[in-house]
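Residue-level listing of the chains:
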Amino acid sequence: MTDVKDFLRTNVNTDPKELKVKLNRFNSPFVLNSLDAETSSRLQDEATHPIKNPKTGSISRDLNVQEYGDLILSESIVEPDLKNAELQKSWGTPADPVGLLKKMLMAGEYTELLQKAQTLSGFDDENMNELVDEAKK
């Protein structure tokens, strides 16, 4: 029988996992942290929007998977600080961490970082499909 003490917070490593990813064009690596389920749920809510059916007038909720991925990546990156005003200004994206990433990175770099951020937080393709299906309910 499993001992409940094995699941007490004091007995579980709650430190986020960290991963450094060096992209050739940048002098320093990007540093990513894993996300917990609570943060993921908040980001999923931010990326879920109501959609009105013009024929029936009914409203359903739809997860924008691209936006959810953008939010996961921007939340996962701890270095560089995507909220740094000087960094945002240099790329012409004031107050827009997601826009900053999209300006800074080439498409392949963006995809590489996103895949690593998702893996670091325990996502795989099957998990992402389940989240999309759940959000549509």
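Residues numbered from 1 in each chain as written. Predicted model: local features only at pLDDT ≥ 70, side-chain atom pairs only at ≥ 80, totals over all residues. Heavy atoms only, no water.

## As for helix H5 (residues 107-120)
So the rule is basically this: Helix and strand definitions follow DSSP, with helices as H or I runs of at least four residues and strands as E runs of at least two, each counted in order from the N terminus. The span expected for a helix works out to 1.5 Å for each residue beyond the first. For every residue, the accessible area (1.4 Å probe, protein chains only) is compared with the maximum for its type, and the residue is labelled buried under 20%, exposed over 50%, or partly exposed between those bounds. Arc definition: it is the arc formed by the directions from the helix axis to the C-beta atoms.
Counted at 1.5 Å a residue, the expected span for H5 with its 14 residues is 20 Å, and the 20 Å between its end C-alpha atoms agrees. When we look at burial in H5, the residues that qualify are Glu-109, Tyr-110, Leu-113, Leu-114, Ala-117, Gln-118 and Leu-120. The buried residues of H5 occupy an angular sector of 160° when projected down its axis, which confines them to one face. What points out from H5, more than 90 degrees from its buried face, is the exposed set Ala-107, Gly-108 and Thr-119. A positive backbone phi angle near 90° is found at Gly-122, which sits one or two residues after H5.

## Observations regarding the sheet that holds strand E5 (residues 77-79)
We count it as follows: One bridge is not enough; two strands pair if DSSP finds at least two bridges between them. To obtain an axis, a line is fitted to C-alpha atoms, over the contacting stretch when the element is a helix, and the angle between two such axes runs from 0 to 180 degrees between their N-to-C directions.
The strand order across the open sheet formed by three strands is E1-E2-E5, and the pairing between neighbours is antiparallel. The open sheet is flanked by strand E1 (18-21) and E5, the only strands paired with a single partner. Within this sheet the neighbouring strands show an average axis-to-axis angle of 35°, counted without direction. Pairing analysis gives four bridges linking E1 to strand E2 (residues 30-33), with the strands arranged antiparallel. Within E2, the position partnered with Lys-20 by the bridge is Val-31.

## Here's the deal with the side chain of Ser-34
Filter applied, for reference: Residues adjacent in sequence count toward polar contacts only when both atoms are side-chain atoms; beyond that, a polar contact is any pair of N or O atoms within 3.5 Å, and within protein one must be able to donate a hydrogen and the other to accept it. Contacts between residues were defined by any pair of non-hydrogen atoms, one from each residue, lying within 4.5 Å.
Relative to the helices and strands, Ser-34 is located in the loop between E2 and helix H1 (37-46). Reaching out from Ser-34, the side chain makes a polar contact with the backbone nitrogen of Lys-17 at a distance of 2.8 Å. Excluding anything up to four places from it in sequence, Ser-34 contacts Pro-16, Lys-17, Leu-120 and Ser-121.

## Points about the pattern of salt bridges
Here is the rule we go by: Whenever Lys or Arg places a side-chain nitrogen within 4 Å of a carboxyl oxygen from Asp or Glu, that contact is recorded as a salt bridge.
Scanning the entire structure with this criterion turns up four salt bridges. Taking the shortest distance from any N to any O, the salt bridge between Arg-25 and Glu-109 comes out at 2.9 Å. Of this pair, Arg-25 sits in the loop between E1 and E2 while Glu-109 sits in helix H5; the two residues are 84 residues apart in sequence, bridging distant segments of the chain. For Glu-109, a relative accessible area of 9% translates into the label buried. A salt bridge links Glu-46 to Arg-42, with the shortest nitrogen-to-oxygen separation between them at 3.0 Å. With a gap of four residues between them, Glu-46 and Arg-42 both fall in helix H1, about one helical turn apart. Exposure remark for Glu-46: the relative accessible area of 37% places this residue in the partly exposed category. The network of salt bridges with common partners includes Arg-42, Glu-46 and Glu-75.

## A short note on the pairing of E2
Burial of the side chains of E2 extends over both faces: Phe-30 and Leu-32 are buried on one face and Val-31 and Asn-33 on the other. With two bridges connecting them, E2 and E5 associate as antiparallel partners. Counted as the bridge partner of Val-31 is Glu-79 from E5.

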